[in-house]
Amino acid sequence: MNVPSPLPGSYLVIELANRCSLACVHCSVADDTHPHFNSTGYLDVEVVEGLFTDLATHEIRFDTLILFWLGEPLLHPEFPRIWQAALRTAAANGTFQKVELHTNATHLTPRVTAALLNESAVPQVMHFSLDATDTDRYLTVKGKDRFGEVVQNIEYFLSEKARIGARWPRPVFQFIVGSNNVEQVSAFEAQWTTACSSRSIPVQTAAGHVPRGEDAVVFFRQLDCPTAQEQSRENRVFRGAMAELGLSVPEQAASGERVEDDNNAVCAGFWKSPVISWDGSVTTCTRDSHLFNSVGSLVDTPFSTLWFNESMRRRRAAVSKGDYSELTVCQSCFIPRSLNYTGITPEEVDSWEATG
């Protein structure tokens with residue numbers, strides 16, 4: 001099997017658990033009727049380790065491994081084991097250039113903190129999903145009252161990182177800017193800048209993309225919305241708030257544009273961003289929470305077979321021409337020019353097809 005080289009911006013998403021300790025208003029977890037949560041559980045740790053072995057064996061590589069999708073990854077009872085396996089695979093085989101964890105920090109216990117802090121040669125980023133600066137707003141945005149405990153957990157993590165001088169993971173304090181929390185942007189920056197500076201942890205502030213480096217980052221992100229009208233409104237909120245902070249915003253967010261009803265565009269998900277659900281299902285996009293585009297399950301078939309099988313070749317051939325006629329879920333998706341979307345060029349498609 002010929003495996004194409006990883007494309008720029010490629011990432012593998014693994015959902016370790018589809019349960020969550022919160023119910024954020026911008027997340028499908030808050031939807032009690034969503035079928036993704038009809039049953040809940042954890043991705044089998046042996047399935048994860050088998051995946052890593054399969055990737056290494058076939059020299060399948062991604063720029064980034066993201067340990068997060070719809071559930072809280074730290075709920076997984078074997079999280080430390082999985083984290084260490086990911087780092088070993090990345091270090092030994094170059095399977096991932098970076099390992100990234102997104103967490104709401106409700107289960108960031110001292111045991112987990114001890115497992116996370118390390119001196120590996122593999123860059124690691126830890127996004128703390130926060131979105132508020134006080135208990136009342138946290139409850140409004142996140143759905144449950146866990147603010148005090150979350151702040152305590154993160155401050156312990158920072159103190160331990162500073163105490164032992166651990167290089168990784170790099171902390172990122174994430175605030176998804178929306179109409180429901182925009183007035184707290186300045187306070188959020190001050191809160192976490194102070195938390196880092198008081199521990200002599202270098203910190204900077206950024207919008208849209210986390211900059212390269214090892215400094216901690218207070219990070220403001222654009223909200224993704226289900227309709228173009230809502231997106232346009234929230235884009236204006238985001239741009240205005242970042243302008244008040246004096247932060248530059250990358251071009252695609254500055255324009256505030258989205259491509260509405262334009263499925264002649266080529267979606268990068270079919271090449272760059274496979275998603276593995278908690279039950280082992282493999283799909284093509286983090287928006288596919290219903291798993292309509294699933295190509296099979298790791299429980300039955302190795303990733304190296306699923307991601308390069310004939311079904312995926314047919315899909316890529318169609319999508320490269322802007323043809324979504326057999327991909328029902330994609331037909332109703334307006335492809336974003338968004339900071340939260342990784343695009344693909346015709347040259348990248350051609351290079352993949354030439355070597356795949």
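These numbers come from a predicted model, not from an experiment. (Residues numbered from 1 in each chain as written. Predicted model: local features only at pLDDT ≥ 70, side-chain atom pairs only at ≥ 80, totals over all residues. Heavy atoms only, no water.)

**A few points about helix 11 (residues 310–319)**
Side chains three or four residues apart in an α-helix point the same way, a direct result of the helix having 3.6 residues per turn. Buried within helix 11 are the following residues: M312, R315, R316 and V319. All buried residues of helix 11 lie within an arc of 100° about the axis, which places them on one face of the element. On the buried face of helix 11, the contacting elements are helix 9 (269–272), helix 10 (303–306) and helix 13 (346–355). (Buried < 20%, exposed > 50% of the residue type's maximum accessible area, 1.4 Å probe, protein only. Helix = DSSP H or I, 4+ residues; strand = E, 2+ residues; numbered from the N terminus. Arc of directions from axis to C-beta. Contact = heavy atoms within 4.5 Å.)

**Description of the nonpolar core**
Core analysis: the largest hydrophobic core is formed by 85 residues, its most contacted members being L12, I14, F173, W192, F220, M242 and F303. When residues in this core are grouped by element, the largest group, seven residues, is from helix 2 (residues 79–93). Residue contacts for I14: discarding those within four places in its chain leaves L43, L51, F52, L65, I66, L67, F68, W69 and I276. By size, the runner-up hydrophobic cluster in this structure holds seven residues, among which are Y11, I66, L70 and L291. (Core = buried A, V, L, I, M, F, W, Y, C linked by side-chain atoms within 4.5 Å.)

**Some points on the confidence of the model for the protein chain**
Predicted confidence across the protein chain gives a mean pLDDT of 90, with 91% of residues reaching 70 or more. pLDDT under 50 marks residues 253–262. Its contacts with residues more than four places away, or in other chains, come to 27 contacts. Note that residues 336–340 has pLDDT below 50 and, in this model, 22 contacts with residues that lie over four places away or in other chains. (pLDDT = per-residue confidence, 0-100.)

**Things to note about the packing of helix 6 (residues 185–197) against helix 7 (residues 228–245)**
Relative to each other, helix 6 and helix 7 sit at 50°, their axes nearing to 10 Å. Taken together, the axes of helix 6 and helix 7 lie oblique to each other. Note on packing geometry: the crossing formed by helix 6 with helix 7 is right-handed. Between helix 6, through V185, S186 and E189, and helix 7, the contact on the second element is made entirely by A241, M242 and L245. (Axes fitted to C-alpha atoms, helices over the stretch in contact; angles between N-to-C directions. Parallel < 35°, antiparallel > 145°, perpendicular 65-115°, else oblique. Left-handed = near helix turned anticlockwise from the far one by under 90°.)

**Things to note about the sheet that holds strand 7 (residues 216–222)**
With mixed pairing, the ten strands of this open sheet are ordered in space as 6-7-5-4-3-2-1-8-9-10. At either margin of the open sheet sits one strand with a lone partner, and together these are strand 6 (203–207) and strand 10 (296–297). Of the strand pairs in this sheet, strand 6 and strand 7 are connected by five bridges, and their pairing is parallel. By the bridge assignment for strand 7, Q204 is matched with V217. Against the sheet, helix 7 engages strand 5 (170–177), strand 6 and strand 7, with an angle of about 145° to strand 7. (Pairing = 2+ DSSP bridges.)

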